[in-house]
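Structural characterization, general
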Amino acid sequence: MTCAYGWRKVKLASMLEALIFDVDGTLAETERDGHRPAFNAAFAEAGLDWHWDAALYGDLLQVTGGKERIRLFCARHAPEFLQQANVEARIKELHAAKTRHYLELCATGIPLRPGVERLLREAHAAGLRLAIATTTTPENITALLAPDLLALFEKVGAGDTVPNKKPAPDIYLWVLAQLYLPAAACLAIEDSANGLRSALGAGLPTLITEAQYTRGENFSGALDVLPDLADVNLRQLRQLHGRRGERATSQQ
Ligand code: XBP
Ligand code: MG
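What this report covers is the structure whose coordinates are included nearby. Quantities reported herein were computed from a predicted structural model and do not represent experimental measurements.

With that out of the way, let us pick up the overall build of the protein. Broken down by element type, the protein carries twelve helices and six strands. The C-alpha radius of gyration computed for the protein amounts to 19 Å, which stays within 12% of the reference 18 Å derived for 252 residues, consistent with globular compactness. With respect to the three principal axes, the spread of C-alpha positions in the protein is 75 × 35 × 30 Å. In the protein, 64% of the contacts between residues at least 6 apart in sequence involve partners at least 24 apart.

Another point: the nonpolar core. In a soluble, globular protein the nonpolar side chains are often hidden away together inside. Formed by 55 residues in total, the largest nonpolar core has its most connected members in Leu19, Ile20 and Tyr172. Taken domain by domain, the makeup of this core includes at least three residues from each of domain 1 (13-29 + 112-251) and domain 2 (31-107). If we skip the residues at most four places from it in the chain, Tyr172 touches Ile20, Ala133, Ala188, Ser198, Ala199, Ala202 and Leu204.

What follows deals with the site of ligand 1. By nearness alone, 18 residues border ligand 1, and Thr64, Gly66, Thr134, Thr135 and Thr137 come closest of all. Across the shell around ligand 1, the residue classes break down as one nonpolar, twelve polar and five charged. Both domain 1 (13-29 + 112-251) and domain 2 (31-107) contribute no fewer than three residues apiece to the shell around ligand 1.

This next bit is on the packing of helix H2 (residues 31-45) against helix H5 (residues 87-107). One can describe the packing of H2 onto H5 by two numbers: an axis separation of 8 Å at closest approach and a directional angle of 130°. As judged from the angle between their axes, H2 and H5 are oblique. Considering how the two elements wind past one another, H2 and H5 form a crossing that is right-handed. Contact residues: Gly34, His35, Pro37, Ala38, Phe39, Ala41, Ala42 and Glu45 in H2; Leu94, Ala97, Lys98, His101, Tyr102 and Leu105 in H5. Its residues assigned to classes, the contact of H2 with H5 comprises nine nonpolar, three polar and two charged.

With that settled, consider the pairing of strand E4 (residues 186-190). Counting buried residues in E4 gives five out of five residues, a clear majority hidden from the surface. Burial along E4 is two-sided: Cys186, Ala188 and Glu190 and Leu187 and Ile189, pointing in opposite directions, are all buried. Relative to E4, strand E1 (residues 18-21) is paired through four bridges, and the arrangement is parallel. Across the sheet, the residue bridging to Phe21 is Ile189, located in E4. Once the chain exits E4 it traverses helix H10 (residues 193-201) before rejoining the sheet at strand E5 (residues 206-209), and the crossover so formed is right-handed.

Definitions and cut-offs
Residues numbered from 1 in each chain as written. Chains lettered and ligands numbered in written order. Predicted model: local features only at pLDDT ≥ 70, side-chain atom pairs only at ≥ 80, totals over all residues. Helix = DSSP H or I, 4+ residues; strand = E, 2+ residues; numbered from the N terminus. Rg over C-alpha atoms; globule rule 2.2 N^0.38 Å. Contact = placed C-beta atoms within 7 Å. Core = buried A, V, L, I, M, F, W, Y, C linked by C-beta atoms within 7 Å. Buried ≥ 20, exposed ≤ 12 C-beta atoms within 10 Å, placed from the backbone. Domains from an automatic or database assignment. Near = placed C-beta within 6 Å. Nonpolar A, V, L, I, M, F, W, Y, C, P; charged D, E, K, R; others polar. Axes fitted to C-alpha atoms, helices over the stretch in contact; angles between N-to-C directions. Parallel < 35°, antiparallel > 145°, perpendicular 65-115°, else oblique. Left-handed = near helix turned anticlockwise from the far one by under 90°. Pairing = 2+ DSSP bridges. Right-handed = clockwise from strand over helix to strand, strands pointing away.

Written out as structure tokens, the structure reads:
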């Protein structure tokens, strides 16, 4: 009878095998006091009188990706900048300078959010595979994470690796392909509605840990929404992951 085989198949398919983490807002609060001042330093260095205050930056976060964010700002506040023949090169230059400033800021130490380091080490020690799916530039991850923590991640999907950034599912699909795992065997951990849409688009069960800029966003479709990961352990993650089928059924 196929019963025993069928049961084993269901069991195997439902096992949590990997955690896929977003970076900005999820691993650390990098946006307001990390990326934002780095953009401003790049603008000042280039002789531009642009200044992104915390509120404006929150607004600009509706698009992911630093180059895309500069383009959105220009479209709204400096349309003449976009008229230049070499605009794409200018944006690339500005963004490269921004990355340089961000790396300097990271060197002074941006702390990880509560529970993050403990959970990463527990998950790795328990045999769960770890990966990253982010919109940010790859060097920023190396600067944010201590080498021994970075080494826990088996695959890192970042920045321009894929043509379409979050909320498109591309970066999560890329990471799943790298891991050779089906989405159902993984759990994504995200902080934003854009990230959630990206993860759900790739079929991933997703847990939200709200961040400074993302609190109160629309997180429908998430398995759960938590203020942070401080009290989260592996047993809870496995339980949560096990509930994804119920949600899928109840959403039909
Ligand atoms: C967040 C982003 C990034 C960062 C800035 O990515 O959208 O654009 O704000 O980094 P995630 P770059 O939440 O997916 O980690 O300037 O390098 O793009
Ligand atoms: Mg994020």
